[in-house]
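Residue strings, one per chain:
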Number of protein chains: 2
Amino acid sequence: MGNRIGKNTIEFQNPPKILEAFSLVGDKEGQGKFSKYFDKIVSDDKMSKNSFEKAECEMFFEIVDNVKRELEKKNKIIDYLIGGDLLNQNITTSFAARELHLPLIGIYSACATMAESLILGSSLIDGGFASTTISATVSHFSSAERQYRTPLEQGSQRPPQAQWTVTGGGALALGNCAESLPKIHFATIGEVIDYGITDTNNMGAAMAPAARSTLVHFFDDTKTYPGDYDLIVTGDLGKFGSDILIELMKDSPYPLEKEKYFDCGAYIYEGSEKLYQGGSGAGCSASVLASYIYKNLLMREVKNVIFVATGALLSTTSSMQGESIPGIAHLVEIEV
Amino acid sequence: MGNRIGKNTIEFQNPPKILEAFSLVGDKEGQGKFSKYFDKIVSDDKMSKNSFEKAECEMFFEIVDNVKRELEKKNKIIDYLIGGDLLNQNITTSFAARELHLPLIGIYSACATMAESLILGSSLIDGGFASTTISATVSHFSSAERQYRTPLEQGSQRPPQAQWTVTGGGALALGNCAESLPKIHFATIGEVIDYGITDTNNMGAAMAPAARSTLVHFFDDTKTYPGDYDLIVTGDLGKFGSDILIELMKDSPYPLEKEKYFDCGAYIYEGSEKLYQGGSGAGCSASVLASYIYKNLLMREVKNVIFVATGALLSTTSSMQGESIPGIAHLVEIEV
């Protein structure tokens, strides 16, 4: 049973542990900075399917199925699958869930999906409503590109402020166990923040104010400071967006220390070819959390991490109707 | 703090009460069977906006804002807004939330949204993570029609098995209070069920098996029978779909009693012009729950109600790629 602390934050009384994690990414992501941490790197981004949407669905299925099978070996009963994705009407999640035979809590929070999913899973477990849950999300460059931007065949040039949607994702299982595993202690649900950015190629600028809002709520509510954490990670602000966040936080009581902060989007392709601002997509922060961050917590390289997934809540319709891009950020604090 | 009972059902130990409800519908819905129960009937389905999408967003804002203002009069602090809609990337919910300044838990469960939202709200409250939440969803005939089917200007003929997307929606606030108000005692999260229906005009047939699955789980888990409830209501199966459900339930240990069962979609336009199978859309069951059902519970006309919202988890892309239509159904049991 949890406690609300401050205005926007939850403290879990019996923090749910991350029992299992599985990450899968495409070739391009597999050549980047987190290469050696991913559980699976696929070279065929169609996953032997005849459409990118079906490939994305297969990726979702595969990451959840891997976690599910590990849990089943330990005789865990999985109560809920909590997930979402970027395709219209969440079809990736729904169609994958059809084959997984788990009760589904479908969510939508754009690229903030993984954090929202972990918050709901932790609440259901700590509240006694579930014993084990799986949180999952993926994205796919090719399905996202043709849904949100232009046909792939068009080969459009990208502006320098653009990001590249990550092909891949991550699944994490939450539950209780005797082992000393990373656990979710705090959670902050974000508000929708809109500073009026209308450039749909500049998602980082649209989402950075939401990340600031949620981080400030979290520090206010927990009465802690950035220095109290070994690592602060944002989802997919990209290089430009994460620089904006650092600037925005300087104007708060909680300036970020550069050496203890990184953005999954800004880092994921580092070492790979030039990709402007880096990665984006729901699978960006999810795959990094399920690989690099989780493994560093397991190895006690870091003891506590603030994970802030950021989402841009636009659609092609809202942009064509002249709307600006609202952002949202959800946060979990994970410690070991 | 809740209990899981059986395989898929939650029993809330301190059942959250429905503190407030507000329903808003369009002109056509306002002429139907539930006419006198709706809180607001609007004749301008553009809500003075310049697009149907913006009108839908305004409807979402208005129903939540009405509930929010009632709660604020009672000095309630609203912890979370939990909602979703049918437009791509949930823009109705996200853009309305931008003006509402409430932490947002975005969900997607097609027309099963209201039940999923109430289950999450109840879990957060009973688990001690929130004191008051607002659950909301809307749909709009004109925005849905042009997103899912054909341009409105085309004036396509509708086949006899088609339903009509409801313009309108409902918002319900959950929390604790001393008053004797309707409360949510049980909840069942559904699994994705797909019987292979591919006719996108025949949503009722696609969703009925999901409704059956969730109802059977609920009765199994609670060891109760349809006769134990004053009313069993499904979301938007329509006339044809609700007939299918009645047939499917005859093959289970829990046949439905026709006089104590109705489908919101099948009933909402009754008394109005001929609309084939009736209504559909996330706002269909939400507006009926927030009006007719809630008011009947308040007046003790019924003492306990099973509310099963049903969703068809397709997208235009999945259908064009030859996929069948998976369904889902989430259930809450409300009693007074």
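Before reading on, note that the structure itself is shown above.
Below: a short report on this structure.

How each quantity is defined
- Residues numbered from 1 in each chain as written.
- Chains lettered and ligands numbered in written order.
- Predicted model: local features only at pLDDT ≥ 70, side-chain atom pairs only at ≥ 80, totals over all residues.
- Heavy atoms only, no water.
- Contact = heavy atoms within 4.5 Å.
- Buried area = accessible area lost by both parts, 1.4 Å probe.
- Salt bridge = Lys/Arg side-chain N within 4 Å of Asp/Glu carboxyl O.
- Polar contact = N/O pair within 3.5 Å; in protein donor to acceptor, adjacent residues only side chain to side chain.
- Helix = DSSP H or I, 4+ residues; strand = E, 2+ residues; numbered from the N terminus.
- Nonpolar A, V, L, I, M, F, W, Y, C, P; charged D, E, K, R; others polar.
- Core = buried A, V, L, I, M, F, W, Y, C linked by side-chain atoms within 4.5 Å.
- Buried < 20%, exposed > 50% of the residue type's maximum accessible area, 1.4 Å probe, protein only.
- Pairing = 2+ DSSP bridges.
- Right-handed = clockwise from strand over helix to strand, strands pointing away.
- Least-squares fit on C-alpha atoms with pLDDT ≥ 70 in both.

Some thoughts on the interface of chain A and chain B
1) Next: Listed per partner, the contact involves 58 residues of chain A and 58 residues of chain B.
2) Next: The junction of chain A with chain B conceals about 4,800 Å² of combined surface from both sides, 59% of it contributed by carbon and sulfur atoms.
3) Next: Together, Q89, R98 and F129 of chain A form the three largest contributors to the area buried by chain A at its contact with chain B, with a combined 16%.
4) Next: Where chain A packs against chain B, one counts six salt bridges.
5) Next: Here R98 of chain A ties to D194 of chain B by a salt bridge, and the two come within 2.5 Å at their closest N and O atoms.
6) Next: Linking chain A to chain B there are 30 residue pairs in polar contact (both at pLDDT 80 or more).
7) Next: At the level of elements, β1 (3-5), α2 (52-73), α3 (91-100), β6 (104-106), α4 (113-126), α5 (141-148), α10 (316-320) and β15 (327-335) of chain A are the ones that each hand at least two residues to the side of chain A that touches chain B.
8) Next: Its residues assigned to classes, the side of chain A that touches chain B shows 26 nonpolar, 21 polar and eleven charged.

Considering the nonpolar core
1) Next: One finds L81 and I134 of chain A together with L81 and I134 of chain B to be the most contacted residues of the largest nonpolar core, which totals 180 residues.
2) Next: The residues contacting I134 of chain B, other than those within four sequence positions of it, are V64, V67, K68, L71, I78, Y80, L81, I82, L102, A171, L172 and A173 of chain B.
3) Next: Counting residues in each nonpolar core, the second largest holds 30 residues, with M207, A210, M249 and Y261 of chain B among its members.

Observations regarding the pairing of strand β11 (residues 231-234) of chain B
Residues and elements named next belong to chain B.
1) Next: Across the two faces of β11 the burial is the same, with L231 and V233 and I232 and T234 all buried.
2) Next: Alignment of β11 against strand β14 (residues 304-312), held across four bridges, turns out to be parallel. Each residue of the ladder has a partner; that of L231, found in β14, is V305.
3) Next: Strand direction decides the pairing type here: β11 and strand β12 (residues 261-263), joined by three bridges, are parallel. Residue pairing in the sheet places T234 in a bridge with D263 of β12.
4) Next: In this region the chain leaves β11, passes through helix α7 (residues 238-250) and returns to the parallel neighbour β12; the handedness of that crossover is right-handed.

Let's talk about the relation of the copies chain A and chain B
1) Next: Placing chain A over chain B gives an RMSD of 0.0 Å and needs a rotation angle of 180°, together with 0.0 Å of translation along the axis. Overall, the copies show the geometry of a two-fold rotation axis.
2) Next: Take the interface residues of chain A: 100% of them recur as interface residues in chain B, which is what a same-surface contact looks like.

Note that all results are geometric; they support no functional claim without further evidence.
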